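# Observations on chain architecture
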Amino acid sequence: MHQPVLATSPTPTDVASLRYSIAGDVYVPGDAGYDEARQAWNLYVDQHPSVIVMPESAIDVVKTVRFARAEGLRVAPQGTGHGASSLESLEGTMLLKTTRMRRVDIYPSSRTARAEAGAEWHEVTIPAAEHGLAALAGSAADVGVVGYTLGGGMGWLARRHGLAADSVTAVEIVTPDGRLVRADADNEPDLLWAVRGGGGQVGIVTAIEFTLYPVRELYAGTLFFPIERSAEVLHAWREWTATVPEEVTSVGRILQFPPIPDLPDFLSGKRFVVVEAAYLGDEFEGAELIRPLRELGPEMDTFAMIPAPALQELHMDPPQPVPGQGDGTFLNELPAAAIDAIVAAAGPESGSSLLSMEIRHCGGAMSAGTAGGAQSKIDAPFMIFGVGLTMNEEMAETVRSNVRVLLNTIAPWRADFDYYNLREMDAEADAVLPADSYRRLREIKARYDAGEMIVSAHPVRPAR
Ligand SMILES: Cc1cc2nc3c(=O)[nH]c(=O)nc-3n(C[C@H](O)[C@H](O)[C@H](O)COP(=O)(O)OP(=O)(O)OC[C@H]3O[C@@H](n4cnc5c(N)ncnc54)[C@H](O)[C@@H]3O)c2cc1C
């Protein structure tokens, strides 16, 4: 029986030999640059790995993984650190930051892209748009392509084109035994299945390839209403979602912005209930589709034709690192009673401190899925997520309590599994994957990483 690799720290001589053998950089506690290198995008997360490696290439990753194996070190791959709050403590662990591996290639003729492990979404969406193509990116431009896609990847085109994980055609991955392999339909199909929505459990992805879609412009925007109208607007949005085609992906949301100067005046210190939507079609049809919501009389209306890369501004995600805590889950259904319960937990009278409570409309192509993967489709019609800013421990405690209240409130409608990417607080893989996926992923983990060398968000334990 395999035992997990023990957490440890390499000797100074061994660190020196790793430094010598790779083009990238190596930091240990006390080194100038260590504190900057250990910082995740989520500033609430305080990571203290025993060694940090910043590889420049896949070859560097191979050498690093072989070094870690020889040293008995566990390895935590990380791109931006947007998902860092889902990780276990990194004490005694190697943090492998892929930030310097940023090459992106767009192949217009095959409508595919290849992105190295450290690429952020804007580095794909902007060059893809030059060819009239769009990727299945998420709401924020600076989220990592690999981490997002490995966890499913639900963006503004999802109801029409599915989860990003379902569009993955190949990955280049360094397995825990230090081999660089290409997993595609013909080679290592189990590895490909595992990374399509099962997270980074089975190796270090060095590059990912995926399908792009012909999209130049969309009709998209936000309707802002005063927070006091939360029940009325969210009920209307819920009913509206049942009427729209899969070309429409939308979010019903309650927002409470703090009074901070980084925000534009029209948002700073303000509270809203909003509907955000993107329609894959023209302005005339789009305006007709959103007419029932527009007739409610929003105080601000930003709907317009926009180029595909501008979708990443629609959700108003913070453009720079912030401290935050959040959690979310899928819903099996969203009856009117669920809206009432959600408004009671996060609406104007709730006392909730959550910056954002959002309900995303799923379904459409998201529930179909064609490629096959650990979570390359979602069989749930809605997803709910609450998040707050956590500048200090007291705020963090309040946010966690507000999120708990929200999730307890929706318990009657909660699906059997949560969303890998937006379940940010402690949860192992069995909480974020459907049961049959979880069982198969355990078998694959046992074949590739029985010693649990890879430290991943939402870890899966190998089958014994
Ligand atoms: C502001 C914001 C907006 C978001 N919007 C969306 C959204 O619209 N839709 C959505 O689905 N999700 C969304 N997310 C969630 C996001 O997709 C996850 O946090 C995701 O894990 C981020 O990936 P990353 O690479 O940026 O983060 P990281 O923290 O760097 O990576 C997260 C995890 O991915 C794995 N991983 C990363 N790189 C590798 C690698 N090279 N090899 C193997 N495993 C790896 C690791 O397990 C790692 O812990 C959002 C998050 C934030 C903070």
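Preceding block: the structure.
Summary of the structure given here. (Residues numbered from 1 in each chain as written. Predicted model: local features only at pLDDT ≥ 70, side-chain atom pairs only at ≥ 80, totals over all residues. Heavy atoms only, no water.)

Time to look at the pattern of salt bridges. Note on pairing: side chains with opposite charge can pair once their charged atoms come close. What the rule picks out here adds up to 33 salt bridges. Between Arg-114 and Glu-172 there is a salt bridge, and its shortest N-O distance comes to 2.8 Å. One end of the pair, Arg-114, is in strand E6 (residues 112–116); the other, Glu-172, is in strand E8 (residues 168–174), with 58 residues separating them in the sequence. Residue Glu-172 is classed as buried on the basis of its relative accessible area of 17%. The closest approach of N and O atoms between Glu-358 and Arg-360, which form a salt bridge, is 2.7 Å. Comparing Glu-358 with Arg-360 shows no difference in burial state: the two are buried. (Salt bridge = Lys/Arg side-chain N within 4 Å of Asp/Glu carboxyl O. Helix = DSSP H or I, 4+ residues; strand = E, 2+ residues; numbered from the N terminus. Buried < 20%, exposed > 50% of the residue type's maximum accessible area, 1.4 Å probe, protein only.)

The residue Asp-327 is located in strand E17 (residues 324–331) in this model. Classification of Asp-327 by relative accessible area gives buried; the value is 4%. From its side chain, Asp-327 meets the backbone nitrogen of Glu-424 in a polar contact 2.9 Å long. A distance of 3.5 Å separates a polar atom in the side chain of Asp-327 from the backbone nitrogen of Met-425. (Polar contact = N/O pair within 3.5 Å; in protein donor to acceptor, adjacent residues only side chain to side chain.)

Our focus in this paragraph is the site of the ligand. Around the ligand, a shell composed of 34 residues is seen, among which Gly-79, Thr-80, Ser-139, Gly-144 and Tyr-419 lie nearest. Met-154 is positioned such that a nitrogen or oxygen atom in its backbone is 2.8 Å from a nitrogen atom of the ligand. Within the side chain of Arg-360, one N or O atom sits 3.1 Å away from an oxygen atom of the ligand. Isolated, the ligand exposes 950 Å² of accessible area, and the fraction of that covered by the protein chains is 95%. For the shell around the ligand, the secondary-structure elements that each account for two or more residues are strand E3 (74–78), helix H5 (145–150) and strand E10 (204–211). (Near = heavy atom within 4 Å. Areas by Shrake-Rupley, 256 points an atom, 1.4 Å probe, with all protein chains shown as cover.)

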